[in-house]
Amino acid sequence: MIPAARGRRKPPAPLALPALADRRRRGENARCPVRLPSPEPAQSTPMATPRLKHPLDHVLDQAQRALETVFGNPPAARGNPAGDTPDVALDDAERRHAAGLMRINHVGEVCAQALYEGQAAVARDPATRDHLLEAAQEETDHLAWCADRLRELDSRPSLLNPVWYAGSYAIGALAGLRGDGWNLGFVVETERQVEAHLDEHLQTLPQADLRSRAILTTMKADEARHADNAEQAGARILPQPIPTVMAAASKLMKTVAYRL
Ligand SMILES: [Fe+2]
Ligand SMILES: [Fe+2]
């Protein structure tokens, strides 16, 4: 029989936590009772207030968007309309022609981004600015889909994209400075001209290029809606010679972008 109580250790006394905490509050180290510098008294933090944007923030935002559009690969918010459409083999001449047309359309979308950003930057009415930026989001989809198709066709975007972007941004900002009615009128004219050239491309694309066709058909419907929305938002009709000058600039862009 083992005596139950003999040799049993006395349980350790519980740590005097309140005393230890008290020493720490006084600035003493628990193992080495040296007084440490007292912690700074807690400062009351003011309520977080949204930081006002400095004009430089806007410049940096715009520069970032420009770089993403020209050198990056902005993702589309919607799925590519080509989806499961079969990629029918094209001969070399057909592939080069389809790539030239899709490069034009890609440049058109780079220009659309720049125009809308330039116009939105100087828009006076927040509703007009929102309208422009919302349309710009759909143009990002178009940009991504055209870039996808160019890759499928073993081709590349225009080497002059930085130039197209800078020129279009300046034109957009100038149009926007005339006032919001002009701003929206510029959107209507641009979108109607783009719609017309997409129609032309749908007629001249190789018949077998079903994937490019699917993309352009969706883009054409979007561009028509952008124009309708801008008309309903109060666009004014641009006087001559502005539409003629815009058409001439667009023709020059198409001629160069087909090759470069
Ligand atoms: Fe577009
Ligand atoms: Fe558009």
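Enquirer: Explanation requested: the environment of R103 in the structure shown.
Expert: In this fold, R103 is placed in helix α3 (residues 92-122). For the pair R103 and P157, spaced 54 residues apart in the sequence, the C-alpha separation amounts to 5.6 Å. Residues in contact with R103, not counting those within four places in the same chain, are L150, S155, R156, P157, S158, A257, Y258, R259 and L260. A polar atom in the side chain of R103 sits 2.8 Å from the side chain of S155.

Enquirer: Could you clarify how one ought to interpret the coordination of the iron ion (ligand 2) in this entry?
Expert: In ideal tetrahedral geometry, four donors around a metal make angles of 109.5 degrees, whereas ideal octahedral geometry with six donors gives angles of 90 or 180 degrees. Surrounding the iron ion (ligand 2) are the protein donor atoms E139 (OE), E191 (OE), E191 (OE), E223 (OE) and H226 (ND1), which sit 1.9 to 2.4 Å from the metal. Each donor residue of the iron ion (ligand 2) lies on one chain, and together they are spaced E-x51-E-x31-E-x2-H. Here the iron ion (ligand 1) and the iron ion (ligand 2) are spaced 3.8 Å from one another, each receiving a donor from E139. Of this pair, E191 sits in helix α6 (residues 180-204) while E223 is found in helix α7 (residues 210-232), placing the two residues 32 residues apart along the sequence. Here E191 matches E223 in class, with each residue buried.

Enquirer: Just checking my understanding: could you explain the nonpolar core for this structure?
Expert: Where a protein is soluble and globular, its nonpolar side chains tend to be buried together. One finds M102, V107, L153, I215, L216 and M219 to be the most contacted residues of the largest nonpolar core, which totals 23 residues. Among the secondary structure elements, those contributing two or more residues to this core are α3, α4 (126-152), α6, α7 and α8 (242-259). Considering every element that reaches this core, the biggest residue donor is α3, with seven residues. Setting aside anything within four residues of it in sequence, one finds L153 in contact with L90, R95, A98, A99, M102 and S212.

Enquirer: For this particular structure, what's the right way to read helix α2 (residues 55-71)?
Expert: Counting along an α-helix, one turn takes 3.6 residues, and residues three or four places apart therefore face a common direction. Between the first and last C-alpha of α2 there are 24 Å, a value that for 17 residues agrees with the 24 Å anticipated at 1.5 Å per step. For α2, the set of buried residues is D57, Q62, A66, T69 and V70. Contacts made by the buried residues of α2 are with α3, α4 and α5 (161-177).

Enquirer: I tried to follow the coordination of the iron ion (ligand 1) on my own but got confused; where do I start?
Expert: Donor atoms from the polypeptide that coordinate the iron ion (ligand 1) comprise E109 (OE), E109 (OE), E139 (OE), H142 (ND1) and E223 (OE), at 1.9 to 2.4 Å from the metal. All donors of the iron ion (ligand 1) come from a single chain, and their spacing in sequence reads E-x29-E-x2-H-x80-E. Its relative accessible area of 2% is what places E109 among the buried residues.

Calculation rules
- Residues numbered from 1 in each chain as written.
- Chains lettered and ligands numbered in written order.
- Predicted model: local features only at pLDDT ≥ 70, side-chain atom pairs only at ≥ 80, totals over all residues.
- Heavy atoms only, no water.
- Helix = DSSP H or I, 4+ residues; strand = E, 2+ residues; numbered from the N terminus.
- Contact = heavy atoms within 4.5 Å.
- Polar contact = N/O pair within 3.5 Å; in protein donor to acceptor, adjacent residues only side chain to side chain.
- Donors = N, O, S within 2.8 Å, 3.2 Å for Na, K, Ca; no water.
- Buried < 20%, exposed > 50% of the residue type's maximum accessible area, 1.4 Å probe, protein only.
- Core = buried A, V, L, I, M, F, W, Y, C linked by side-chain atoms within 4.5 Å.
- Expected span 1.5 Å × (residues − 1).

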